[in-house]
Amino acid sequence: MGDPMSSTWHAMDKESVLQTLKTSSTGLGTEEAERRLSEYGYNELKEKKRRTTLQMFLEEFKDVFILLLIVATVFSVIIGYYELMRNPELGFLETYADAITIGIIVLLVAIAGFVQEYRAEKAIEALKKLAAPKARVMRGGKEAMILAREVVPGDLLLLEAGDTVSADARIIEAVELKTDEAVLTGESTPVNKNLGTLKPETPTADRKNMLFMATHTIYGRGKAVVVSTGMN
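Here the structure is a predicted model, which is why all the values come from computation and not from measurement.

Caption draft 1: Quick peek at a nonpolar patch on the surface. A grouping of Leu-67, Ile-70, Val-71, Val-74, Phe-75, Ile-78, Ile-79, Tyr-81, Tyr-82 and Met-85 is seen on the molecular surface, where their side chains present a nonpolar patch of about 960 Å² in accessible area. Take Ile-70: it is sitting in helix H4 (residues 64–86). By relative accessible area, Ile-70 is classed as partly exposed at 32%.

Here is the structure:
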C-alpha cells in the first residue's frame, strides 16, 4: 500500500488514490480492515504527559537561539560592570542598556514561543473532544457503523449533513457538500467541497477535495476515502 502519511493526496485523482491505498469504491473487506488496524493502530490522538504552564514556559529557554541571547546578556552585564568600575559617574541605565535590551528580547521571544505552544496543545485537546465517536463506512460493499477509533487508511467514509469527519480523507463523491473547518482555520464560512485534482503546493486550507479530522459536514453528502488516521 502507498504511504498513508503522504501529503499529496489532493494532487492525485480519485482512481489513483484508491489504487495507492489498495481499496475500492465498495470499501475494505472486514479482514483487511482488521489487518490495517493492527498495522496502523487506533484512530486516536495520543495523550502526552501533561506539563504545567510553568514547565512549558521554562522549556522555551532551552532553545539554542535564546541560550545565545542569554550568553550575550551575561557578557553585556560583565562589560557594563567593568565600565562602571572605570567610570563611576556613568548612570545605571547607560551602563547596562545593552544588557537590558537583550534581556527584554529574550523574554519576548520566550513568551511568543510559549504562547504558540500553549495554543497548539489546546488545539489538540479541542480536536480530541470534537473527534467523532462513531463513523459510517463501507465494509465489503455494505454500509456499517463502527467506532471512529477503528477507522483505518483505505476506509470509505459515508458523510451527510451533521456528521463529524473521523479522519483525514480524500473526497471521491460529493453532492453539494459543504463543511465547517473553523477548528482548523478559524474561518466560520462554509467550505464548498469537490472532487477536482489540485496542485501539490496547494495550502491545506485551500484543499477543497479533502476532508479533515474533527471538522463537520453542514450541507450535502459525500464519500471520501481515508488517507491518514490518528497522530498522522
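Still more to cover.
Caption draft 2: Highlighting the packing of aromatic side chains. Evaluated as defined, the whole model comprises four aromatic pairs. For the pair Phe-57 and Phe-114, a centre-to-centre distance of 5.9 Å together with 85° between the ring planes defines the contact as edge-to-face. With Phe-57 in helix H3 (residues 53–59) and Phe-114 in helix H5 (residues 92–130), the pair connects residues that are 57 residues apart, well separated along the chain. Using a relative accessible area of 21% as the deciding quantity, one classes Phe-57 as partly exposed.

Caption draft 3: Molecular detail of the pattern of salt bridges. Counted by the stated rule, this structure contains 11 salt bridges. Residues Arg-35 and Glu-32 are paired through a salt bridge, measuring 2.8 Å at the closest nitrogen-oxygen approach. Of this pair, Arg-35 and Glu-32 both sit in helix H2 (residues 30–40), three residues apart, which is roughly one turn of the helix. Here Glu-32 falls in the partly exposed class, since its relative accessible area comes to 25%. Two residues, Arg-221 and Glu-173, come together in a salt bridge whose shortest N-O distance is 3.7 Å. Separated by 48 residues along the polypeptide, Arg-221 in strand S7 (residues 216–228) and Glu-173 in strand S4 (residues 168–180) bring together distant segments of the chain. For Glu-173, a relative accessible area of 30% translates into the label partly exposed. Ionic contacts of the salt-bridge type, sharing partners, join the residues Glu-32, Arg-35, Arg-36 and Glu-39 into one network.

Caption draft 4: Geometry of the pairing of S4. The pairing of S4 with S7 spans 10 bridges and is classified as antiparallel. Within the sheet, the bridge partner assigned to Thr-179 lies in S7 and is Thr-217. Pairing geometry for S4 and strand S5 (residues 191–192), over two bridges, is antiparallel. Looking at the pairing, Thr-179 lines up with Val-191 of S5.

Caption draft 5: Structural context of H4. Along its 23 residues, H4 runs 33 Å from first to last C-alpha, staying within 8% of the 33 Å computed at 1.5 Å per residue. Considered for burial, the residues of H4 that qualify are Ile-66, Leu-69, Thr-73, Ser-76 and Gly-80. Residue Asp-63 occupies the N-cap position of H4, its side-chain oxygen lying 2.9 Å from the main-chain nitrogen of Phe-65.

Caption draft 6: Spotlight on the nonpolar core. Ranked by size, the top nonpolar core spans 14 residues in total, and within it Ala-135, Val-151, Leu-157 and Leu-211 carry the most contacts. Looking at this core, the elements with two or more residues in it are strand S1 (134–139), strand S3 (156–160), S4 and S7. Looking at this core, the element that brings in the most residues is S4, giving three residues. Apart from the residues within four sequence positions on either side, Ala-135 is in contact with Ala-144, Met-145, Ile-146, Leu-147, Ala-148, Val-151, Leu-157 and Ser-166. Membership of the second largest hydrophobic core comes to 13 residues, among which are Met-12, Ile-172, Met-210 and Val-227.

Criteria and thresholds
Residues numbered from 1 in each chain as written. Predicted model: local features only at pLDDT ≥ 70, side-chain atom pairs only at ≥ 80, totals over all residues. Heavy atoms only, no water. Patch = residues over 30% accessible without salt bridge, like charges linked within 9 Å, V, L, I, M, F, W, Y side chains within 5 Å. Areas by Shrake-Rupley, 256 points an atom, 1.4 Å probe, with all protein chains shown as cover. Salt bridge = Lys/Arg side-chain N within 4 Å of Asp/Glu carboxyl O. Helix = DSSP H or I, 4+ residues; strand = E, 2+ residues; numbered from the N terminus. Buried < 20%, exposed > 50% of the residue type's maximum accessible area, 1.4 Å probe, protein only. Phe/Tyr/Trp six-rings, centres within 6.5 Å; stacked < 30°, edge-to-face > 60°. Pairing = 2+ DSSP bridges. Expected span 1.5 Å × (residues − 1). Polar contact = N/O pair within 3.5 Å; in protein donor to acceptor, adjacent residues only side chain to side chain. Core = buried A, V, L, I, M, F, W, Y, C linked by side-chain atoms within 4.5 Å. Contact = heavy atoms within 4.5 Å.

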